[in-house]
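Analysis of the macromolecular model
Listed below are the residues making up each chain.
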Amino acid sequence: MAAAALTNQLNALVNNMFAMGLLDDQFQQLQMLQDSTAPDFVSEVVTLFCDDGERIICELARQLEKPNVDFDRVDSYVHQLKGSSASVGAQKVKNTCIQFREFCQQRSRDGCLKTLDLVRTEFYDLRSKFQAMLQIMNRKAESTEKKKNCDAEAEGAS
């Protein structure tokens with residue numbers, strides 16, 4: 001697929017993520033930090049977010065299964081997830097983390113468990129869209145690289 005078509009596909013996906021409220025303006029700020037000196041910046045940050053988010057959600061589930069929940073520790077993990085969500089512009093995940101922290105402060109296991117389910121749903125929904133975005137970005141980079149190689153070969157042949 002041509003780079004222009006992939007760019008259109010990528011833009012449509014990201015616009016849809018904004019329209020669904022999954023992303024906020026922070027994601028645009030992140031995109032502006034990517035340039036020729038850091039061409040993989042967005043994909044690296046998004047990949048780290050996805051990996052860290054999954055690890056934190058697993059740890060939250062483990063903590064909430066304990067007979068005596070350490071709500072301060074749970075709150076610390078939720079705070080980490082909220083911070084990383086805010087840094088990539090993951091609006092729904094961040095907002096759900098704010099609710100989650102309220103239940104931690106109230107020492108409500110039931111509230112925390114219900115909010116964990118919600119944050120898990122929001123996170124995995126966003127992660128699947130981020131993975132689709134990364135695939136398009138990789139295909140676009142490959143397409144651009146192939147075009148450069150073809151152009152270089154054509155120049156060498158003349």
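About the criteria used
- Residues numbered from 1 in each chain as written.
- Predicted model: local features only at pLDDT ≥ 70, side-chain atom pairs only at ≥ 80, totals over all residues.
- Heavy atoms only, no water.
- Helix = DSSP H or I, 4+ residues; strand = E, 2+ residues; numbered from the N terminus.
- Contact = heavy atoms within 4.5 Å.
- Expected span 1.5 Å × (residues − 1).
- Buried < 20%, exposed > 50% of the residue type's maximum accessible area, 1.4 Å probe, protein only.
- Arc of directions from axis to C-beta.
- Salt bridge = Lys/Arg side-chain N within 4 Å of Asp/Glu carboxyl O.

A separate point is the environment of Leu30. Considering the arrangement of structural elements, one finds Leu30 in helix 2 (residues 25-32). Setting aside anything within four residues of it in sequence, one finds Leu30 in contact with Phe41, Val42, Val45, Ser87 and Val88.

The next thing to look at is helix 1 (residues 3-19). Spacing of three or four residues puts side chains on the same side of an α-helix, whose turn is 3.6 residues. Compared with the 24 Å implied by 1.5 Å per residue over 17 residues, the 24 Å span of helix 1 between its first and last C-alpha is a close match. For helix 1, the complete set of buried residues consists of Leu6, Leu10, Leu13, Val14 and Met17. Along the long axis of helix 1, the arc covered by the buried residues comes to 95°, so they all point the same way. With respect to the buried face of helix 1, the exposed residues turned more than 90 degrees away are Ala4, Asn8, Asn15 and Ala19. A positive phi of about 80° marks Gly21, the residue just after helix 1.

Turning our attention to the pattern of salt bridges. Using the criterion set out here, one finds 7 salt bridges in the structure. Between Lys94 and Asp24 there is a salt bridge whose closest N-O contact spans 3.7 Å. Highlighted residues: Lys94 in helix 5 (residues 91-105) and Asp24 in the loop between helix 1 and helix 2, separated in sequence by 70 residues. Residue classification places Asp24 among the buried residues on the basis of a relative accessible area of 15%. A salt bridge links Asp125 to Lys129; its shortest N-O distance comes to 3.5 Å. Of this pair, Asp125 and Lys129 both sit in helix 6 (residues 109-157), separated by 4 residues, roughly a single helical turn. Taking the relative accessible area as the measure of exposure, Lys129 reaches 18% and is therefore buried.

The values are spatial; any link to function lies outside them.
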